[in-house]
There are 2 protein chains.
Amino acid sequence: MDRMFNVGIVGATGAVGEELIKLLEERKFPLSDLRLFASAASKGRVIEACGRSCVVDVPSADGFRSLDIVFFSAGSGTSKQFTPIAVEAGARVIDNSSAFRMDANVPLVVPEINPDALTADTTIAAVPNCTAIMLVMGIAPLRKLGKIQRVIVSTYQAASGAGAKAMQELIDQTKQVLQGEKPIPVQFPHQIAFNLFSHNTPIDETGLNEEERKVVAETQKILSDPSIEVTPTCVRVPILRAHTESVHIIFDREIEEGAARLAYDGFPGVRVIDDRANNTFPMPIDASGTDDVLVGRIRKDLYNIRALNLLISGDQLRKGAALNSIQIAEEMIKFVRERSLV
Amino acid sequence: MDRMFNVGIVGATGAVGEELIKLLEERKFPLSDLRLFASAASKGRVIEACGRSCVVDVPSADGFRSLDIVFFSAGSGTSKQFTPIAVEAGARVIDNSSAFRMDANVPLVVPEINPDALTADTTIAAVPNCTAIMLVMGIAPLRKLGKIQRVIVSTYQAASGAGAKAMQELIDQTKQVLQGEKPIPVQFPHQIAFNLFSHNTPIDETGLNEEERKVVAETQKILSDPSIEVTPTCVRVPILRAHTESVHIIFDREIEEGAARLAYDGFPGVRVIDDRANNTFPMPIDASGTDDVLVGRIRKDLYNIRALNLLISGDQLRKGAALNSIQIAEEMIKFVRERSLV
């Protein structure tokens, strides 16, 4: 019989944690034990997950004992504090936070794009920022046509990127506005209902906010190309759980539109939705709850024969976080199984 | 005493029509007679406007008689049909539709930018597309720093651009989604509540939709520079009445960020909101109901010393339509008054 795995989820009560549980089930992950961890506020809560009743605990060395894989999705502070403890306890860590993403010793992995960044010895793997994941999924298939030199991207980011409470805030504020009330923002610095704003992360002296800096650095790391020039503008929109991106891509040579569309053929995890006759292109409501990243509005630039424009939309909680994490886990268990065959 | 003017509004019951009436009052337009026109469905409706009770009528040569200025905001079909009749009746026409915008004999006017396109003899003036107005208001002040060669813009367009019924559809659909119902789109081809989509206008063989083609052609015409290369991606977002635009601008020379910020000083109709410390930049809720176009997130590109990035947000019904129309009327009556002094 195939080896089964003991799995832990730190941040199990959050939006990504919930999605991780759903995906372990959906994808029939070879699960032996499942342990759920969250902050002290959730300790003792019972969650039905993958056919068992799990009592939520706070993370600890004891709790991590005999776990094979621990998913972290509780912010970079928690990841920094507990990842070494989980690794020390013998687990492999798949981290959704930004804690280790730019660590030269930690692979930053989108399995469709750079699975080789993982090795049999990987103990910590980082899941990229959700906006970076959508971007690389949308542009990586085009690299077979030419070298990507430059990317100018404006984002339409969902509330889910800021967690379950932020999604609830969008819903609550929307109700308030419809009732003629003025919402008081809590999770976000500004009203999100029927509004949008520049991404709510600190801006440094370069003029970029933290989210934009992640998109630049992580895109370069995932694509193993520090020369790619990425100019992002990250914007939060009143949408629940799928990010959309409007992308202008400049290559080192002329690119034909038809060839660009064909470049996605057979690329796993990407679905082209590019129906000009019916004016149907990637939309958050179609991306929500699905695994595929949607790509469309593919068109050659009117002025630059080396440039393409397109739209990308993908579920922030799925491919942007939980699904990508599970895919990394699936790659990791291949190594473990191969090793046990030797 | 200053001369007063007889004014007509075709499309008086629409979203822009309502805003025109508000602005005539707010700006103390020297109004003598006011006549409101709409489709047969609204004939006979009584609207309180500028201190008088107006009975809505269908447009006709008779109705236009002795009017000095007629605003058209009822779609390009109505404009094409009734503008010649209004002009024949002796009125000057200010047209919000796309009917005459690219007509070489019709000035396309944003009064802060190209007031000289109007002359004492102008009988028809066109109001640009709302997305083009926001764009030129945001970039025109920068021309004193260098020649603008290229603009790559992604838009976040409000429902109001599609009219009052579309705004209501956003509200109704939002309520439906909050109640767990699946909305059926009527005004838009796709669900607008908690969703976004590529602009709902036909796409031609260039891959651009009609809205994007307007942005390209009208920007070039307003700025009197057919060499400006504009690459737009127009997207509809679930916001009521202000358009936002994320813009990448390439100049013919290096541009300093500080100089760019200063370039807006004293430029009428633009307000810079660029508070990095408090993460406060142009937002639709701040732009809504105000006359100024908001500009912020002004930053030098990380890779191209000749490029700037910024965000623009402006009220689609005000500066994007009704306000710009009234401003054109104000320019026109200056000519009439100057002429009567001679």
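Rules used throughout
Residues numbered from 1 in each chain as written. Chains lettered and ligands numbered in written order. Predicted model: local features only at pLDDT ≥ 70, side-chain atom pairs only at ≥ 80, totals over all residues. Heavy atoms only, no water. Contact = heavy atoms within 4.5 Å. Buried area = accessible area lost by both parts, 1.4 Å probe. Salt bridge = Lys/Arg side-chain N within 4 Å of Asp/Glu carboxyl O. Polar contact = N/O pair within 3.5 Å; in protein donor to acceptor, adjacent residues only side chain to side chain. Least-squares fit on C-alpha atoms with pLDDT ≥ 70 in both. Core = buried A, V, L, I, M, F, W, Y, C linked by side-chain atoms within 4.5 Å. Buried < 20%, exposed > 50% of the residue type's maximum accessible area, 1.4 Å probe, protein only. Helix = DSSP H or I, 4+ residues; strand = E, 2+ residues; numbered from the N terminus. Pairing = 2+ DSSP bridges. Right-handed = clockwise from strand over helix to strand, strands pointing away. Axes fitted to C-alpha atoms, helices over the stretch in contact; angles between N-to-C directions.

Caption draft 1: Structural view of the interface of chain B and chain A. Listed per partner, the contact involves 61 residues of chain B and 62 residues of chain A. Carbon and sulfur atoms supply 61% of the area buried between chain B and chain A, which totals about 5,000 Å² over both sides. It is Tyr156, Phe194 and Tyr303 of chain B in chain B that bury the most area against chain A; as a group they hold 14% of the surface buried on that side. Note that aspartate 301 of chain A is salt-bridged to arginine 150 of chain B, the shortest N-O span being 2.8 Å. Run the count over chain B and chain A and you get 26 residue pairs in polar contact (both at pLDDT 80 or more).

Caption draft 2: Local environment of the relation of the copies chain B and chain A. When chain B is brought onto chain A, the operation consists of a screw motion whose angular component is 180° and whose axial shift is 0.0 Å, with 0.0 Å RMSD remaining. On this basis, the relationship between the two copies can be described by a two-fold rotation axis. Interface overlap between copies: 100% of the residues of chain B at the interface are likewise at the interface in chain A, consistent with a symmetric, same-surface contact.

Caption draft 3: Main features of the nonpolar core. Within the largest apolar cluster, 100 residues are counted, with the highest numbers of intra-cluster contacts made by Phe29, Leu34, Leu36, Phe71, Leu142 and Val151 of chain A. Counting residues per element, this core draws most heavily on helix H9 (residues 318-341) of chain A, which supplies nine residues. Those residues in contact with phenylalanine 29 of chain A that lie beyond four places of it in its chain are Phe5, Val7, Leu24, Ile69, Ile326, Ala329, Glu330 and Ile333 of chain A. Counting residues in each nonpolar core, the second largest holds 99 residues, with Val16, Leu31, Phe188 and Ala260 of chain B among its members.

Caption draft 4: Structural context of the pairing of strand E2 (residues 31-37) of chain A. Residue and element names in this part refer to chain A. Here strand E1 (residues 5-10) runs beside E2; their pairing, made up of five bridges, is parallel. Residue pairing for E2: valine 10 is matched across the bridge by phenylalanine 37. In the classification by handedness, the crossover that spans E1, the intervening helix H1 (residues 15-26) and the parallel E2 is right-handed.

Caption draft 5: Layout of the sheet that holds strand E15 (residues 307-315) of chain B. Residue and element names in this part refer to chain B. Here six strands make up an open sheet; going across it, the order is E10-E8-E12-E15-E14-E13 and the pairing mixed. Taken across any chain shown, the strands that pair with only one partner, and hence form the sheet edges, are strand E10 (229-233) and strand E13 (270-272). Strand-to-strand twist in this sheet, taken as the mean axis angle between neighbours without regard to direction, amounts to 25°. Here five bridges tie strand E14 (residues 293-300) to E15, and the two strands are oriented antiparallel to one another. When the sheet's bridge partners are listed, valine 295 is paired in E15 with isoleucine 312.

Caption draft 6: Representation of helix H4 (residues 130-139) of chain A within the structure. All names here are of chain A. Within H4, 10 of the 10 residues are buried, leaving the element largely enclosed by the surrounding structure. Every buried residue of H4 is listed here: Cys130, Thr131, Ala132, Ile133, Met134, Leu135, Val136, Met137, Gly138 and Ile139. A distance of 2.8 Å separates the backbone nitrogen of threonine 131 from a side-chain oxygen at the start of H4, and that oxygen is part of asparagine 129.

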